[in-house]
Every structure is written in C-alpha cells, then in structure tokens.
Amino acid sequence: MNIYVGNLSFSTTEEGLRSLFEQSGTVDTVTIIQDRVTGRSRGFGFVEMPDESDGQAAIAALDGNDFDGRNLKVNQAKEREDRGSRGGGRRDGGGYGGGGYDSNRPGGNEGNAVSSEEDTNKSDDSGFGSGLDDD
C-alpha cells in the first residue's frame, strides 16, 4: 500500500519517518520529496507498506498526530493524474524567431543601398525644400 504523508517538517528524515511507520508494521520504502533546485524537503513524502491492513492501521494511528512539531496529514496515496506536458513555451513548435527582412512590411525597403532610377529622378513635390531659400 502506498501512503501519502503531508505537512512534514523540513527537518524530518526518511529514517525518522520509517521508524514512525514501523510501529504499525513492515515498511518497504520511504521517500521524502525534495526540491530539484535547492535539495530541501518539499514537506511531503510517501511510505510503501506491503500489508494493506498495516497501512490502514498506520493511517488511522498517525493522521493528524504531531511529528517533529507538525500535525501530519496521512492517507492512501492516489494515482498521479496525467498533467500533460510540463515543458514551457509554445506547443505549436513556434517560438521567438529572428527578425529577418520583410519586403511586404510598411517601410520594408528602408535602409536598402540600391534605389531604383525612378526614385532618383522624382521631382521633390513633397513640400519640403532642400533647406535653401529660393529668394
């Protein structure tokens, strides 16, 4: 039987948890879940007991009781739900791409060194002078 043990003190060790549960019967494994980055306890763990009746006895005896200064939450572990992909980012394969040149974008031709002959032969009828007065 797989048993969830929650509200563990950060100082609780697997050995201490094992000895607590062995008071109710044989214990196969004890695992306290740790944070991947810090290595510190996440405050919960799992105890595997081969005998169902021993597991039920441990749950009845320990749920809500104080251990290492915390009231334990003890119950039969549920199967982990499939939460899908845990990867970050977009799922459609897209992402942040580089800029690139888009000739269809307004102003897309700005910065081009080559001008067409038509552009150079246009008369300046924009209303902006060359900066010199014609007076």
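Computed from a prediction, not measured in an experiment: that's the story for all the values here.

Conventions we followed
Residues numbered from 1 in each chain as written. Predicted model: local features only at pLDDT ≥ 70, side-chain atom pairs only at ≥ 80, totals over all residues. Heavy atoms only, no water. Helix = DSSP H or I, 4+ residues; strand = E, 2+ residues; numbered from the N terminus. Buried < 20%, exposed > 50% of the residue type's maximum accessible area, 1.4 Å probe, protein only. Contact = heavy atoms within 4.5 Å. pLDDT = per-residue confidence, 0-100. 1 Å grid on protein atoms, 1.4 Å probe; cavity = no way out; pocket = protein on both sides within 12 Å on 5 of 7 lines; lining within 4 Å. Points joined across faces, edges and corners; volume = space filled by probe spheres on them. Nonpolar A, V, L, I, M, F, W, Y, C, P; charged D, E, K, R; others polar.

As for the environment of Tyr4
In step 1: If you trace the backbone, Tyr4 turns up in strand β1 (residues 2-6).
In step 2: For Tyr4, a relative accessible area of 27% translates into the label partly exposed.
In step 3: Residues Tyr4 and Ile59, spaced 55 residues apart in sequence, show a C-alpha to C-alpha distance of 9.2 Å.
In step 4: If near-sequence neighbours (up to four positions away) are discounted, Tyr4 is found in contact with Phe44, Gly45, Phe46, Lys73, Val74, Asn75, Gln76 and Ala77.

Some words on the confidence of the model for the chain
In step 1: Looking at the chain as a whole, its pLDDT mean stands at 80, while 62% of the residues score no less than 70.
In step 2: When mean pLDDT is taken per element in the chain, β1 scores highest with 98 and helix α3 (residues 117-120) scores lowest with 50.

Overview of the layout of surface pockets
In step 1: Volume-wise, the largest pocket comes out at about 650 Å³.
In step 2: Listing elements by their share of the lining of the largest pocket, those giving two or more residues are β1, β2 (29-34), β3 (41-48) and β6 (73-76).
In step 3: Counting residues per element, the lining of the largest pocket draws most heavily on β3, at three residues.
In step 4: Looking at side-chain class alone, the lining of the largest pocket contains five nonpolar, four polar and nine charged residues.

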